[in-house]
Amino acid sequence: MSAAVDRDVVVVGCGPAGCAAAVFAARDGLDVAVFDRGRSSLAQCAHLENYPGFPAGIDAGTLSELMREQTERAGCAVVEDLVESVERAAGDADDSDSPGDDPDGPQFVVTPQAGEPVTARRVIAATRYDGEYLRGLDDDDAMFEVHDHGGERHEHFDREYADRDGATPVDGLYVASPSDADRQAITAAGRGARVGKRVVADARIDDGWWREAAEGVDWVRREAELDDEWADRDRWVEWFDAEHADGPVAPDSERFARVREAAVDDLLAAYVDADEERTRAAAGHRALAEHLDPDAVVEAHGADALLDAMDDEAIAAYAGDGGPDAPQADGGSR
Ligand SMILES: Cc1cc2nc3c(=O)[nH]c(=O)nc-3n(C[C@H](O)[C@H](O)[C@H](O)COP(=O)(O)OP(=O)(O)OC[C@H]3O[C@@H](n4cnc5c(N)ncnc54)[C@H](O)[C@@H]3O)c2cc1C
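Thresholds applied
Residues numbered from 1 in each chain as written. Predicted model: local features only at pLDDT ≥ 70, side-chain atom pairs only at ≥ 80, totals over all residues. Heavy atoms only, no water. Helix = DSSP H or I, 4+ residues; strand = E, 2+ residues; numbered from the N terminus. Expected span 1.5 Å × (residues − 1). Polar contact = N/O pair within 3.5 Å; in protein donor to acceptor, adjacent residues only side chain to side chain. Domains from an automatic or database assignment. Contact = heavy atoms within 4.5 Å. Buried area = accessible area lost by both parts, 1.4 Å probe. Salt bridge = Lys/Arg side-chain N within 4 Å of Asp/Glu carboxyl O. Near = heavy atom within 4 Å. Areas by Shrake-Rupley, 256 points an atom, 1.4 Å probe, with all protein chains shown as cover. Nonpolar A, V, L, I, M, F, W, Y, C, P; charged D, E, K, R; others polar. UniProt positions renumbered as here; feature names shortened; annotations may be inferred. Pairing = 2+ DSSP bridges. Buried < 20%, exposed > 50% of the residue type's maximum accessible area, 1.4 Å probe, protein only.

If you check an unreviewed UniProt entry, the protein appears there as Thioredoxin reductase from Halorubrum distributum JCM 9100.

**Section: helix H8 (residues 274-289)**
The terminal C-alpha atoms of H8, which comprises 16 residues, lie 23 Å apart, in line with the 22 Å expected from a rise of 1.5 Å per residue. Between the side-chain oxygen of the N-cap and the backbone nitrogen of aspartate 275 there are 3.2 Å, and the N-cap of H8 in question is aspartate 273.

**Some remarks on unusual backbone geometry**
With an omega of 5°, the peptide bond running from serine 177 to proline 178 counts as cis. Among the secondary structure elements, proline 178 is positioned in the loop between strand E9 (173-177) and helix H4 (185-206).

**Structural notes on the domain arrangement of the protein**
Segmenting the protein into domains produces domain 1 (7-95 + 104-207), domain 2 (211-272) and domain 3 (274-318). Each of domain 1 and domain 2 was reduced to a C-alpha centroid, and the two centroids are 31 Å apart. Every contact between the two is made by 10 residues of domain 1 and, on the other side, 10 residues of domain 2. Across the domain 1 to domain 2 interface the summed buried area is about 790 Å²; carbon plus sulfur atoms make up 36%. Sorting the residues of domain 1 by area buried against domain 2 places Arg27, Arg204 and Ile205 first, and these three jointly supply 50% of that buried surface. Counting across the domain 1 and domain 2 interface gives 3 salt bridges. The partner of arginine 27 in a salt bridge is aspartate 218, with the nearest N and O atoms 2.7 Å apart. At the boundary of domain 1 and domain 2, one finds 6 residue pairs in polar contact (both at pLDDT 80 or more). Sorting the residues of the side of domain 1 that touches domain 2 by element identifies helix H1 (16-27) and H4 as the ones contributing at least two each.

**Focus on the site of the ligand**
What surrounds the ligand is a group of 34 residues, the closest being Asp36, Arg37, Ser41, Ser177 and Asp182. Take leucine 42: an N or O atom from its main chain is 3.0 Å from an oxygen atom of the ligand. At 2.5 Å from an oxygen atom of the ligand is found a main-chain nitrogen or oxygen belonging to aspartate 182. Surface burial for the ligand is 84%, taken as the share of its 1,000 Å² of free accessible area covered by protein chains. Where the shell around the ligand is concerned, the elements lending two or more residues are H1 and H4. For the shell around the ligand, a count of residues per class yields 15 nonpolar, 11 polar and 8 charged.

**Focus on the UniProt feature "domain: FAD/NAD(P)-binding" (unreviewed entry) in the protein**
Mapped onto the present numbering, the UniProt feature "domain: FAD/NAD(P)-binding" (unreviewed entry) falls on residues 8-87. Measuring from the first to the last C-alpha atom of residues 8-87 gives 16 Å, for a span that is 32% helix and 21% strand.

**A look at the pairing of strand E7 (residues 144-149)**
When E7 meets strand E8 (residues 152-157), the two strands line up antiparallel, connected through 6 bridges. Its bridge partner lying in E8, histidine 149 is registered against glutamate 152. Between the antiparallel neighbours E7 and E8 lie 2 residues, among them glycine 150 with a positive phi of about 50°.

**A word on the pattern of salt bridges**
The full count for this structure, using the stated rule, is 30 salt bridges. Taking the shortest distance from any N to any O, the salt bridge between glutamate 238 and arginine 235 comes out at 3.8 Å. With glutamate 238 and arginine 235 both in helix H6 (residues 233-243) and 3 residues apart, this pair spans about one turn of that helix. According to the relative accessible area criterion, glutamate 238 is partly exposed, its value standing at 49%. The salt bridge partner of aspartate 275 is arginine 278, with a shortest N-O separation of 2.6 Å. With aspartate 275 and arginine 278 both in helix H8 and 3 residues apart, the pair spans about one turn of that helix. Residue arginine 278 is classed as exposed on the basis of its relative accessible area, which comes to 55%. Each member of the salt-bridge network shares a partner with another, and the members are Asp163, Asp165, Arg194, Arg198, Asp202, Arg211 and Glu215.

Written out as structure tokens, the structure reads:
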């Protein structure tokens, strides 16, 4: 079959686990689509008080909106649709372009309820409750556990089916959730991050990297940290050569040189100067503020501080143009 869109990675679910996995994968340049609809554990939380960074806690709706926006800003396509099945892409001996023929090409066909199927090289399941859409990718006995409850038979996706990094016996299939880590939102997010990193490393390995070189960190660093020695690209090249001299790839090979070039590019791209740091800080505050209730912002900062921060012309225009204190024809105000 031919599918409309092909992605490097499809993530099923944009809760804490799926958002983290998708953001890590997309930040390394992978083309990621995230499907999100259906039963959500996060949506059932009355108020999260144990998620770091929110001193008075955060309501599940706002956290969900923030996570979805972060996923989109990282470059993912977020699709509001329920995934109904993930199947292996079928190879076709008569058609070398058919999905499934190329080991580095699409391995899965992801079929949602409403939209068109999508093919992907990798799939990350990140759904706390539902693993049914994965049925058929491996033996049921391996993927599902059966429990008897009061004489009734219940089947659940096996939380230990995937390893600690989410990798499974099915090449290209990863499970961020359900897992034993997803009983709190922050541990689910941590698990998702580990899985995202594993997917990045595996994609690099497909591209000729070796495991020790492929496993990096996703950091943004201050350029001011770079002293004269490390501001010089050749110093990083020297460091890479020393680090991987005894690795699995010959240091004088074309492959080693290609990976070294890409790895050093990545390392240097992590540094930002002071202006860029300020720009990103301001963008971060703005993106957060967009999700805050204006009344809460006024209460937190006080009206004077907000008026001070506003442009005088905007205040004058608001007052003269229908603001609450704008003078009325009868001499009163609204
Ligand atoms: C009543 C209750 C209260 C809780 N309180 C807290 C708390 O105070 N603090 C805390 O840390 N944790 C709390 N938790 C736990 C927390 O909600 C979970 O640990 C966390 O949300 C798990 O994240 P997840 O990403 O694995 O799954 P989810 O949060 O369930 O996210 C999965 C996402 O996938 C989507 N989805 C599902 N199926 C499909 C499909 N087939 N196709 C496409 N999308 C799909 C869903 O819509 C959802 O957005 C609570 C849970 C419950 C039930």
